[in-house]
Amino acid sequence: MEKFSADLLFSSQKKISQPEKGYRFSLDSFILAAHIKPKGFEKIIDVGCGCGIMPLILAARYPDLRITGIEIQKELYKFARKNILANKLENKIYIIHENIKNIMPSDIKGKADIIISNPPYKKKNSGRLNPDPQKAIARHEITLDIDLLFKCSKRLLNEQGRLYIIFPAQRFSSLIQTMGQYKFVPEFIRFVHIKKNAAAKRVIIRAAKNSGKPCTTAPPFYIYGSDNKYTNDYACLFKP
């Protein structure tokens, strides 16, 4: 395994290792995890789980969940497995090394209630491709794009299943368009801003299959307040 750094999550409650120089988890994972509100014993799939950061966060907050992380990159899969074992969560979190397009409901012991994803956010042929393969695959739509994510989610979610995603705000329209192509409807939308009066950087969406619920647009999520200090919303990201 490549060189890694080890950190403590939630005031030493969880240990997490990640590549020292390859792809490292970002604030987006914490922001999305804070907006996932499972009910009881629901089954969750994390598509592109990386080193397992979101499964670890959710397991700390919701001990009854069953979580499957799917990771296509072998080294990141190894980190995820290491983190699950280090935190003694192998009975609650299962990591699969595979491309999501090859996963069938039988591979995860039946359809899921929730799918979560912090997917690659740059179009395949846009911008500079990072020379580090881990970062390139995590940031550019090389092995996963939103079309494939919704296509696979439709197959893997139960009839009232939900998909939670965080994505660049500037690609909001393409996200909504793709959602409609696969018969998902938005139930929850929230834009993420660095601070007030700044353009949104990210959007959080909860999309559902076969939902007749009205869509809720939540107040903006601000990282910094008018005093240039972190907001309470931001501070809560790092609490169990």
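Residues numbered from 1 in each chain as written. Predicted model: local features only at pLDDT ≥ 70, side-chain atom pairs only at ≥ 80, totals over all residues. Heavy atoms only, no water.

Peer 1: I'd like a rundown of the pairing of strand 4 (residues 66–71), residues and numbers included.
Peer 2: Taken across its 6 residues, strand 4 has 5 buried, putting it largely inside the fold. Note: strand 3 (residues 43–47) against strand 4, 5 bridges, orientation parallel. If you follow Asp 46 over to strand 4, its bridge partner there is Gly 69. Assessed by its sense of winding, the connection that carries the chain from strand 3 through helix 2 (residues 53–61) to strand 4 is right-handed. Direction of pairing for strand 4 relative to strand 5 (residues 93–97): parallel, over a ladder of 5 bridges. Note that in strand 5 the partner of Ile 70 across the bridge is Ile 96. (Buried < 20%, exposed > 50% of the residue type's maximum accessible area, 1.4 Å probe, protein only. Helix = DSSP H or I, 4+ residues; strand = E, 2+ residues; numbered from the N terminus. Pairing = 2+ DSSP bridges. Right-handed = clockwise from strand over helix to strand, strands pointing away.)

Peer 1: Describe the pairing of strand 3, listing the residues and the values that go with them.
Peer 2: Taken across its 5 residues, strand 3 has 5 buried, putting it largely inside the fold. Side-chain alternation along strand 3 places Lys 43, Ile 45 and Val 47 on one buried face and Ile 44 and Asp 46 on a second face that is also buried. Where strand 3 and strand 6 (residues 112–117) come together, 4 bridges link them in parallel fashion. Residue pairing for strand 6: Val 47 is matched across the bridge by Ser 117.

Peer 1: How would you explain the packing of helix 1 (residues 27–34) against helix 2 if you had to name every residue and give the values?
Peer 2: At a minimum axis distance of 9 Å, the contact between helix 1 and helix 2 shows a crossing angle of 35 degrees. For the pair helix 1 and helix 2, the crossing hand works out as right-handed. Contacts between helix 1 and helix 2 involve Ser 29, Phe 30, Leu 32, Ala 33 and Ala 34 on the former and, on the latter, Ile 53, Met 54, Ile 57, Leu 58 and Arg 61. Per-class residue counts for the contact of helix 1 with helix 2 are 8 nonpolar, 1 polar and 1 charged. (Axes fitted to C-alpha atoms, helices over the stretch in contact; angles between N-to-C directions. Left-handed = near helix turned anticlockwise from the far one by under 90°. Contact = heavy atoms within 4.5 Å. Nonpolar A, V, L, I, M, F, W, Y, C, P; charged D, E, K, R; others polar.)

Peer 1: Break down the packing of aromatic side chains for me, citing the residues and quoting the values.
Peer 2: Going through the model one piece at a time under the given rule, you end up with 7 aromatic pairs. Here a set of aromatic residues connected by ring pairs shows up, and it is made of Phe 25, Phe 30, Tyr 224, Tyr 230, Tyr 234 and Phe 238. (Phe/Tyr/Trp six-rings, centres within 6.5 Å; stacked < 30°, edge-to-face > 60°.)

Peer 1: Give me the side chain of Thr 68: which residues, what numbers.
Peer 2: Structurally, Thr 68 can be placed in strand 4. Look at Thr 68 and you get buried, because its relative accessible area is 9%. Look past the residues within four positions of Thr 68 in its chain and what remains in contact with it is Ile 44, Ile 45, Asp 46, Tyr 94, Ile 96 and Ile 108.

Peer 1: I'd like a rundown of unusual backbone geometry, residues and numbers included.
Peer 2: Despite not being glycine, Lys 109 has its phi angle at roughly 60 degrees, a positive value. Following the sequence through the fold, Lys 109 ends up in the loop between strand 5 and strand 6. For Lys 183, which is not glycine, the phi dihedral falls at a positive 65 degrees. Within the element layout of this structure, Lys 183 appears in the loop between helix 6 (172–181) and strand 8 (184–193).

Peer 1: Tell me what's going on with the pattern of salt bridges, and back it up with residues and numbers.
Peer 2: By the definition in use, this model includes 6 salt bridges. With its nearest N and O atoms 2.8 Å apart, the salt bridge here joins Asp 28 to Arg 202. With Asp 28 in helix 1 and Arg 202 in strand 9 (residues 202–209), the pair connects residues that are 174 residues apart, well separated along the chain. With respect to class, Asp 28 is no different from Arg 202; both count as buried. Of the charged contacts, one joins Arg 206 and Glu 187 as a salt bridge, the two residues approaching to 3.0 Å between their closest N and O atoms. In this pair, Arg 206 sits in strand 9 while Glu 187 sits in strand 8, placing the two residues 19 residues apart along the sequence. Look at Glu 187 and you get buried, because its relative accessible area is 6%. (Salt bridge = Lys/Arg side-chain N within 4 Å of Asp/Glu carboxyl O.)

Peer 1: Can you explain the environment of Phe 25? Please cite residues and give values.
Peer 2: Assignment of secondary structure puts Phe 25 in the loop between strand 2 (14–19) and helix 1. Each C-alpha atom of the pair Phe 25 and Gly 52 lies 9.1 Å from the other, and the pair is 27 residues apart in sequence. Not counting the four nearest positions on each side in its chain, Phe 25 is found in contact with Ile 16, Gln 18, Phe 30, Cys 51 and Ile 53.

Peer 1: Can you tell me about the side chain of Lys 43, naming the residues and giving the values?
Peer 2: Mapped onto the elements, Lys 43 comes out in strand 3. No salt bridge is formed by the buried Lys 43, whose closest oppositely charged neighbour, Asp 113, lies at an N-O distance of 6.9 Å. There is a polar contact of 2.9 Å between the side chain of Lys 43 and the backbone oxygen of Ile 108. (Lys, Arg positive; Asp, Glu negative; His and termini not counted. Polar contact = N/O pair within 3.5 Å; in protein donor to acceptor, adjacent residues only side chain to side chain.)

Peer 1: Explain helix 5 (residues 146–156) residue by residue, including any values.
Peer 2: Think of an α-helix as 3.6 residues a turn; residues three or four steps apart then line up on the same face. Here helix 5 has its buried residues at Ile 146, Leu 148, Leu 149, Phe 150, Cys 152, Ser 153 and Leu 156. Residues of helix 5 that are buried in the fold lie against strand 3, strand 6, strand 7 (157–168), helix 6, strand 8 and strand 9. Measuring from the side-chain oxygen of the N-cap residue of helix 5 to the backbone nitrogen of Asp 147 gives 3.3 Å; that N-cap residue is Asp 145.

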